[in-house]
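The primary structure of each chain is shown beneath.
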Amino acid sequence: MLSTRPPALDDDPAALDAIWSALRPDRPTGVPMIRAVMISSVDGTTTIDGRSGGLGTPTDRLVYDAMRARADLVLVGSGTALAEGYGPAEVSRVWADRRTGPAPTVLVLTRSLPDRLIDLCADTGDRVRIAAAHAVDGRRVEAARARGVTVHVLDPGPTGAAVRALASHLHADEVDFEGGPRLLGTLLSEGAVDDLVLSVAPEVIIGGDDSTLTPGHGPGSTRVPMRVVSAFTCPRGGLYTRWAVGEGVR
């Protein structure tokens, strides 16, 4: 049996160049690319005690920071933003010399716009904004705006198409989607994810959180074709992959 061992990369200068290259999209698409950045254990668990940070490795952090350094927008669901305590994005000093311009804007998706989310986004100087579903009560939108929060109301229709339209309006070429899993499943099922950058933490989780990479959305299943574009590991363990997503990868 033939086997392929992925290259082992660490944080030396040559490895950083290789990681940056591995994360580069194949080609421009002419529309905003939505690139999901996720982590799971070998068994598919995505959170420990409600947070994904417990699964991270130093190399996963390099990948995560590199994707933020590439992005024009960081997109995240409200549940993840609240659980992880999101704030304004920063560009890691490791990748700072590869980026021109300020750090990306954080855009938090919500279907209800609760007070906790308004509190999270207030006083961030427009660096953390809200993308509210079209059906969100207008009074909630006005309450957030009264606190100084920038709120974009999404177009009606599928979430992915509405997000891509907003990203285009905001002149974003790369959108870095960081979770959560249920929203990832929605975007994948709608054909709205172009790349999946997946870190596989070097462990199996027995018990604990009932979280998977793409939780079910009801009866039936949706198969989303993918093609692995790049993969590498590191001396401390873990597997780091980038997958092209969609019908065009077959």
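Whatever comes next refers back to the structure up there.
So, a few notes on the structure that sits alongside this text. (Residues numbered from 1 in each chain as written. Predicted model: local features only at pLDDT ≥ 70, side-chain atom pairs only at ≥ 80, totals over all residues. Heavy atoms only, no water.)

### Re the pairing of strand β6 (residues 174-177)
Put simply, the rule reads: Any residue under 20% of the maximum accessible area for its type is buried, any over 50% is exposed, and the rest in between are partly exposed; the area is computed with a 1.4 Å probe on protein chains only. By definition, any uninterrupted DSSP run of H or I lasting at least four residues is a helix, any uninterrupted run of E lasting at least two residues is a strand, and each is numbered from the N terminus. Being paired, for any two strands, means DSSP has found at least two bridges between them.
On β6, burial covers both faces: Glu174 and Asp176 on one face and Val175 and Phe177 on the other are all buried. Examined bridge by bridge, strand β1 (residues 33-41) and β6 share 4 bridges and lie parallel to one another. By the bridge assignment for β6, Ile34 is matched with Val175. Pairing analysis gives 3 bridges linking strand β2 (residues 73-77) to β6, with the strands arranged parallel. Each bridged residue has a counterpart across the sheet, and for Val74 the counterpart in β6 is Asp176.

### Considerations on the side chain of Glu174
The following threshold applies: N or O atoms closer than or at 3.5 Å make up a polar contact, with two conditions inside protein: a donor-capable atom paired with an acceptor-capable one, and, for residues adjacent in sequence, both atoms drawn from side chains. By definition, residues are in contact when any of their heavy atoms lie within 4.5 Å.
Structurally, Glu174 can be placed in strand β6. Of note is the side chain of Glu174, whose polar atom sits 3.1 Å from the side chain of Arg35. Only 2.6 Å separates the side chain of Glu174 from the side chain of Arg70, close enough to count as a polar contact. When sequence neighbours within four positions are dropped, the list of residues in contact with Glu174 reads Pro25, Met33, Arg35, Arg70, Ala71, Asp72 and Leu73.

### Some details on the pairing of strand β3 (residues 105-110)
The condition that has to hold: Handedness of a crossover is defined as follows: with both strands directed away from the viewer, a clockwise route from the first strand across the helix to the second makes it right-handed.
Counting buried residues in β3 gives 6 out of 6 residues, a clear majority hidden from the surface. Going residue by residue along β3, you find Thr105, Leu107 and Leu109 tucked away on one face and Val106, Val108 and Thr110 tucked away on the opposite face as well. Relative to β3, β2 runs parallel, the two being bridged by 5 bridges. Bridge assignment links Leu73 to a residue of β3, and that residue is Thr105. Of the crossover connections in this fold, the one passing from β2 over helix α3 (residues 78-84) to the parallel β3 is right-handed. Taken together, the 5 bridges between β3 and strand β4 (residues 128-132) define a ladder with parallel strand orientation. Paired with Leu107 across the two strands is Arg129, which belongs to β4. After leaving β3, the chain enters helix α4 (residues 115-121) and then returns to the sheet as β4, a path that is right-handed.

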